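Residues per chain, in single letters:
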Amino acid sequence: MRREYEPAAGPRPAVREEPLVEEHLAADWPTQFGRWFAEAVAAQLPEPNAMIVATADADGRPSSRTVLLKGYDERGFVFFTNYASRKGREALANPYASLLFPWFAMGRQVVVCGRIAPVDRHVSEEYFRLRPRGAQLGAWASAQSSVLPDRHVLDDAYAAAEQSFPAEVEVPLPEHWGGLRVEPETVEFWQGRRSRLHDRLRFRRDTNDGADRWIVERLAP
């Protein structure tokens, strides 16, 4: 079922072999991520900002799910969720996470590992105001990750939220809802190559001897 990585053909990237070498790498991970993300968008990949978020509970039992990246800068990668959801609870109990951007059609992946923490409340408020009204009401209606006896319970909760916040009323940000930021300790850029001899270049934060700098390492595939 595997396909070899071949050179791209045509205007849109396909699964391909394209060297990733240190000389062409950006000086910092945000710039390099921005390059690849822009190319994923230009390639019209479906949901290019979709990423797999892996967390673990206090006992180390992992879980993962796909969410949408809503912003990034030198501080890290931000997404939004219900803090009472499974990922929200695990992020508070065991504040480490991993992100994976699976850009398979381009033969690329980006893997991020680091600490995870809530963003400032005003950041969540600013984003919440930009959400479609239906999504705002959904944040009030859904006790995310809880067990439902049937679909009607969720639909009734949404109808109740509509009654609580009629059209002329601004939907407020729930206390249980907001952003989480993954603050990278490593950011790996993975490019597929033939014979499984893939290119893997990793930015790693080095804090030894009181320093705070990023170094680049090549990993064996």
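Definitions and cut-offs
- Residues numbered from 1 in each chain as written.
- Predicted model: local features only at pLDDT ≥ 70, side-chain atom pairs only at ≥ 80, totals over all residues.
- Heavy atoms only, no water.
- Helix = DSSP H or I, 4+ residues; strand = E, 2+ residues; numbered from the N terminus.
- Buried < 20%, exposed > 50% of the residue type's maximum accessible area, 1.4 Å probe, protein only.
- Contact = heavy atoms within 4.5 Å.
- Lys, Arg positive; Asp, Glu negative; His and termini not counted.
- Charge placed at Lys NZ, Arg CZ, Asp CG, Glu CD.
- Pairing = 2+ DSSP bridges.
- Salt bridge = Lys/Arg side-chain N within 4 Å of Asp/Glu carboxyl O.
- Arc of directions from axis to C-beta.

K.L.:
With reference to specific residues and values, describe the overall build of the chain.
P.N.:
Along its length, the chain carries 5 helices and 9 strands. Put simply, the chain runs from its N terminus to its C terminus through helices and strands in the order α-β-β-β-β-α-β-β-α-α-α-β-β-β. Overall size of the chain, expressed as C-alpha extent along the three principal axes, is 60 × 50 × 35 Å. Going through the 221 residues of the chain one by one, you find that 40% of them count as buried. Long-range contacts, defined as pairs at least 24 residues apart, comprise 63% of the intrachain contacts of the chain with a sequence gap of at least 6. One way to put it: in the chain the 29 positive side-chain charges average out to a point 4 Å from where the 32 negative ones average out.

K.L.:
Describe the pairing of strand 8 (residues 199–206), naming the residues involved and giving the relevant values.
P.N.:
Note: strand 7 (residues 177–191) against strand 8, 6 bridges, orientation antiparallel. The partner of glutamine 191 across the bridge, within strand 8, is aspartate 199. Bridge count for strand 8 against strand 9 (residues 213–218) is 6 bridges, and the pairing is antiparallel. Looking across to strand 9, one finds that aspartate 206 is bridged to arginine 213. The hairpin formed by strand 8 and strand 9 contains 6 residues between the paired strands, and aspartate 209 there has a positive phi angle of roughly 55 degrees.

K.L.:
Let's hear about the pairing of strand 4 (residues 76–82): which residues, and what values?
P.N.:
Counting buried positions along strand 4 gives 7 out of 7 residues, so the element sits mostly inside the fold. In this sheet, strand 4 lies alongside strand 3 (residues 71–73) in antiparallel orientation, the contact comprising 3 bridges. Residue pairing for strand 4: aspartate 73 is matched across the bridge by glycine 76. Connecting strand 3 to the next strand, strand 4, in antiparallel fashion are 2 residues. Pairing of strand 4 with strand 7, which is carried by 6 bridges, proceeds in the antiparallel orientation. Bridge assignment links threonine 81 to a residue of strand 7, and that residue is glycine 178.

K.L.:
Could you give an account of the pattern of salt bridges, naming the residues involved and the relevant values?
P.N.:
Applying the stated criterion across every chain, the model contains 15 salt bridges. Where arginine 193 meets aspartate 199, a salt bridge forms, and the shortest distance between an N and an O atom there is 2.8 Å. For arginine 218, the salt bridge is made with aspartate 199, and the minimal N-O distance between the two is 2.9 Å. Here arginine 218, found in strand 9, pairs with aspartate 199, found in strand 8; they are 19 residues apart in sequence, far enough to count as distant. Through salt bridges with shared partners, a single network forms among Glu22, Arg193, Asp199 and Arg218.

K.L.:
Please give an account of helix 3 (residues 121–130) that cites residues and values.
P.N.:
For helix 3, the full list of buried residues reads Ser124, Tyr127 and Phe128. Along the long axis of helix 3, the arc covered by the buried residues comes to 105 degrees, so they all point the same way. The exposed residues of helix 3 that point more than 90 degrees off its buried face are Arg129 and Leu130. Where helix 3 is buried, its residues meet strand 4, helix 4 (133–141) and strand 7.

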